[in-house]
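Coordinate inspection notes
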Amino acid sequence: MLDIKQYTTNQKDVSMQKFKKQLAAAVSEAVCKTAGDNVCGADEICAMLEYPPDPTMGDIALPCFRFAKLLRKAPPAIAAALAEDATIKSVDGVGSVNVSGGYLNFRISDGYYEKNVIPEILEKGDGYGRSDIGKGKTVVLDYSSPNVAKPFHIGHLGTTVIGHSLKKLHEFCGYNCVGINHLGDWGTQFGKLIVAYRKWGSEKEVEKDGIDGLVALYVRFHEEADKDPSLNDLARAEFTKLEHHDPDNIKLWKWFIELSLAEYKKTYDQLGITFDSYNGESFYTDKMPEQVEKLRSMGLLKLDDGASVVDLSEYNMPVCLILKRDGSTLYPTRDIAAAVYRKRTYNFDKCIYVTSSQQSLHFAQWFKVVELMGYDWYDELVHVPYGTVSIDGVKLSTRHGNVVLLRDVFEAAIEKVTKVIDEKNPGLENKKETAEAVGVGAIVFYYLMNNRIKDISFRMDDALSFDGNTGPYVQYTYARTCSLLEKSGEIRGDRIKITSPYEAELAKELSRFSETVLRAVAEYEPSVITRYILAVSTAFNRFYHECPILSAEDEDVRNTRTALTKATNTVLHSALPLICLKTPEKI
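In what follows, the accompanying structure is described. (Residues numbered from 1 in each chain as written. Predicted model: local features only at pLDDT ≥ 70, side-chain atom pairs only at ≥ 80, totals over all residues. Heavy atoms only, no water.)

Tallying secondary structure elements over the protein gives 24 helices and 13 strands in all. Across its three principal axes, the protein shows a C-alpha extent of roughly 85 × 65 × 40 Å. Here the protein, with 587 residues, has 55% of them falling under the buried criterion. The long-range share in the protein, meaning contacts at least 24 apart out of those at least 6 apart in sequence, stands at 74%. The averaged location of the 82 negative side-chain charges in the protein is 1 Å from the averaged location of its 71 positive side-chain charges. (Helix = DSSP H or I, 4+ residues; strand = E, 2+ residues; numbered from the N terminus. Buried < 20%, exposed > 50% of the residue type's maximum accessible area, 1.4 Å probe, protein only. Contact = heavy atoms within 4.5 Å. Lys, Arg positive; Asp, Glu negative; His and termini not counted. Charge placed at Lys NZ, Arg CZ, Asp CG, Glu CD.)

Here it is as structure tokens:
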């Protein structure tokens, strides 16, 4: 038989994980009594445990359908038999067991929260919910990566905040993370900009207007090229000169990058984002020939209408273009060279690319090419796609000026928060910083509430609505816990006694933090954390309105409720930055 105590001795597991492992071990033992030893392991059963959609049914549910063939019984009969098993009933934390069809539902006892969950959070503080699954492992994350000389618009928000959230989540789980901003700093668009600048621009005007001046020139180029297509030939010629290191073009190109980065960093500062590398496409120009030659020597390159391609028809994909007819490189060539460089430089265990789902085929193609080239780390490359953003259903286009600039959205949100603060808390210290934290947080929270693959039709009124399930709501909840704790006394972890269902409900939500983080990492899904933060905030506010905290007459009750406030504060303090939100203590 399986030794339950031996199975649950890992002290790094947090309280809810410990409970689920103990429960799974007990169920495994009960099943093995009937079906024989080791036919249904505790790990397998632990993975089967789920949370009922209706919390009135219980806190944790075990579907018994998988046991039907093994035990040769109907799932309801299996659930009924397991409900009477003494080993299962004796698991620390099981308050009650009931059967609903083929499901075995468990209610966690208040005593488990009192003895395990709340004291653990108080003891671990900011260490609560963390994991060491990434210890000794390196993750490279390629995200944000704007095209130089184009401003951040609302469409850039996805790759930027999803990517940084995944970086924070992996760091929270012990991984060494390398954030790379793979700037779009190469390509024919620079030939267009050079032509436009020399025809219609001036250094004084561009210095004054910054990236806006570059965008105006880029838009004008396309307007003029529609009337005079020969401008496109000029642009290609200027980019060819750039590729051959023409000093005047190189100087202009570097200037365009400098102006662009100055603008981008303003947005990154607002979001609290930093990168370890800004190596863009141009960085890999001298690293591509090695990979092209490797493809050629392996017989993988084939000519197709003069272009060099890798045939992927065997894998139900179109050919992967490596070289154009004129010998110039393309995105797959650069991405392959970049991946090889990153593996050699960082020896990553995972290299994550956060880009639009519209690029899914591109990544599938060059990932397959990397595999065919014999690189045994091909399966460490991960594409994390996200849905597109439109404005009321209209696709964004910098070329045609159809964009909503991210800085304008942030400014509108900050202005709205500032007005609210002026009305409700005019004497607030650090008002400007707080308004920025809450305003920017409102936009980020609005975006990350959605599953990342979902397409979003951006509506400014919705993004700036602070009513209901919003960023300001969860940040205000955190600030409320800070205010309460400022007025509280010492908290005793050994004098906790739950007396209200609102206390138990809040403790239950707090107990799920670690496994929620692990799920978000496994699914590359920040919205899992966003919705969890919302659930914690909702549970806390119900508790706050129904249970007097500092004014509770009984000392142990007051201590318990203060402890729950501290535990909520701790979890929100850790969770909010995982989705790029700041934690202002006063709003």
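Let us keep going from here.
If you check which residues of helix α14 (residues 288-297) are buried, you get Met288, Gln291, Val292 and Leu295. In a view along the axis of α14, the buried residues occupy a sector of 100 degrees, so they form one face of it. The outward face of α14, more than 90 degrees from its buried face, is lined by the exposed residues Pro289 and Ser297. Those residues of α14 that are buried lie in contact with β6 (301-304), β7 (307-310), β8 (320-323), α15 (331-346) and α16 (360-372). (Arc of directions from axis to C-beta.)

Attention now moves to the sheet that holds strand β10 (residues 381-386). In space, the four strands of this open sheet follow the order β5-β4-β9-β10, with parallel pairing throughout. Two strands in the sheet have a free side with no partner beyond their single neighbour: β5 (176-180) and β10. For this sheet, the mean angle separating the axes of adjacent strands, direction not counted, is 20 degrees. Across six bridges, strand β9 (residues 350-356) lies against β10 in parallel orientation. If you follow Tyr353 over to β10, its bridge partner there is His383. Lying over the sheet, α15 contacts β4 (138-142), β5, β9 and β10, oriented at roughly 145 degrees with respect to β4. (Pairing = 2+ DSSP bridges. Axes fitted to C-alpha atoms, helices over the stretch in contact; angles between N-to-C directions.)

The next thing to look at is α15. With 16 residues, α15 extends 22 Å between its outermost C-alpha atoms, agreeing within 8% with the 22 Å of an ideal straight helix rising 1.5 Å per residue. Residues Pro332, Thr333, Arg334, Asp335, Ile336, Ala337, Ala338, Ala339, Val340, Arg342 and Lys343 constitute the buried set of α15. Just downstream of α15 lies Asn347, where phi reads positive at about 50 degrees. (Expected span 1.5 Å × (residues − 1).)

Moving on, we come to the nonpolar core. Inside soluble globular proteins, nonpolar side chains tend to come together where they are buried. Among the nonpolar cores identified, the biggest contains 151 residues, and Leu62, Phe67 and Leu82 are the most heavily contacted of them. The leading source of residues in this core is helix α13 (residues 247-271), at 11 residues. If you look at the next biggest cluster of nonpolar residues, it comprises 28 residues, including Leu300, Phe363, Val370 and Leu381. (Core = buried A, V, L, I, M, F, W, Y, C linked by side-chain atoms within 4.5 Å.)

Let us now look at the sheet that holds β7. Remark on secondary structure: sheet strands pair via backbone hydrogen bonds, oriented parallel or antiparallel. Strands sit in the order β6-β7-β8 across an open sheet of three strands; the sheet is antiparallel. Looking at the sheet topology across the chains shown, the edges are occupied by β6 and β8. Across the sheet, the mean angle separating the axes of adjacent strands is 45 degrees when strand polarity is ignored. Contacts from α14 reach β6, β7 and β8, with the element oriented near 115 degrees to β8.

Once that is clear, we can look at the side chain of His153. Along the chain, His153 falls in the loop between β4 and α8 (157-172). There is a polar contact of 2.9 Å between the side chain of His153 and the backbone nitrogen of Gly155. (Polar contact = N/O pair within 3.5 Å; in protein donor to acceptor, adjacent residues only side chain to side chain.)

Here the focus is the pattern of salt bridges. Two side chains bearing opposite charge may form a pair once their charged atoms approach each other closely. This structure, assessed with the given rule, holds 34 salt bridges. With a closest N to O distance of 3.1 Å, Glu171 and Lys167 form a salt bridge. Taken together, the positions of Glu171 and Lys167, both in helix α8 and four residues apart, correspond to about one turn of that helix. Residues participating in the shared-partner salt-bridge network are Asp59, Arg107, Glu505 and Lys508. (Salt bridge = Lys/Arg side-chain N within 4 Å of Asp/Glu carboxyl O.)

The side chains of a regular strand alternate, first on one face of the sheet and then on the other. Relative to β7, β6 is paired through four bridges, and the arrangement is antiparallel. In the strand pairing of β7, Leu303 is matched with Ser308. Here β6 hands over to β7 after two residues, with Asp305 in that stretch at a positive phi of 55 degrees.

On β7, burial covers both faces: Ala307 and Val309 on one face and Ser308 and Val310 on the other are all buried. Summarising the sheet, β7 and β8 pair through three bridges and their orientation is antiparallel. Each residue of the ladder has a partner; that of Val309, found in β8, is Leu321.

This part covers the packing of helix α9 (residues 188-200) against helix α11 (residues 211-227). Where α9 meets α11, the closest approach of the two axes is 9 Å, and the angle between their N-to-C directions is 95 degrees. Between α9 and α11, the crossing angle belongs to the class labelled roughly perpendicular. Together, Gln189, Lys192, Leu193, Val195, Ala196, Tyr197 and Trp200 of α9 and Leu214, Leu217, Tyr218, Arg220, Phe221, His222 and Glu224 of α11 make up the contact between the two elements. For the contact of α9 with α11, the per-class residue count stands at nine nonpolar, two polar and three charged. (Parallel < 35°, antiparallel > 145°, perpendicular 65-115°, else oblique. Nonpolar A, V, L, I, M, F, W, Y, C, P; charged D, E, K, R; others polar.)

It is worth spelling out the packing of aromatic side chains at this point. For the structure shown, the criterion picks out 29 aromatic pairs. Plain terms: the ring middles of Tyr197 and Trp255 are 5.5 Å apart, the flat faces sit at 75 degrees to each other, and that makes the pair edge-to-face. With a gap of 58 residues between them, Tyr197 in helix α9 and Trp255 in helix α13 connect regions that are remote in the sequence. Neither residue differs from the other here; Tyr197 and Trp255 are each classed as buried. With 5.9 Å between their ring centres and 80 degrees between their planes, Tyr446 and Phe458 make a pair best called edge-to-face. In this pair, Tyr446 sits in helix α18 (residues 431-448) while Phe458 sits in strand β13 (residues 456-458), placing the two residues 12 residues apart along the sequence. (Phe/Tyr/Trp six-rings, centres within 6.5 Å; stacked < 30°, edge-to-face > 60°.)

As a further point, take unusual backbone geometry. In this structure, Arg72 is a non-glycine residue whose phi angle is positive, near 55 degrees. Considering the arrangement of structural elements, one finds Arg72 in the loop between α4 (68-71) and α5 (75-83). Exposure remark for Arg72: the relative accessible area of 77% places this residue in the exposed category. Even without a glycine there, the phi angle at Cys580 is positive, about 70 degrees. With respect to the helices and strands, the residue Cys580 is situated in the segment after α24 (555-575). Its relative accessible area of 8% is what places Cys580 among the buried residues.

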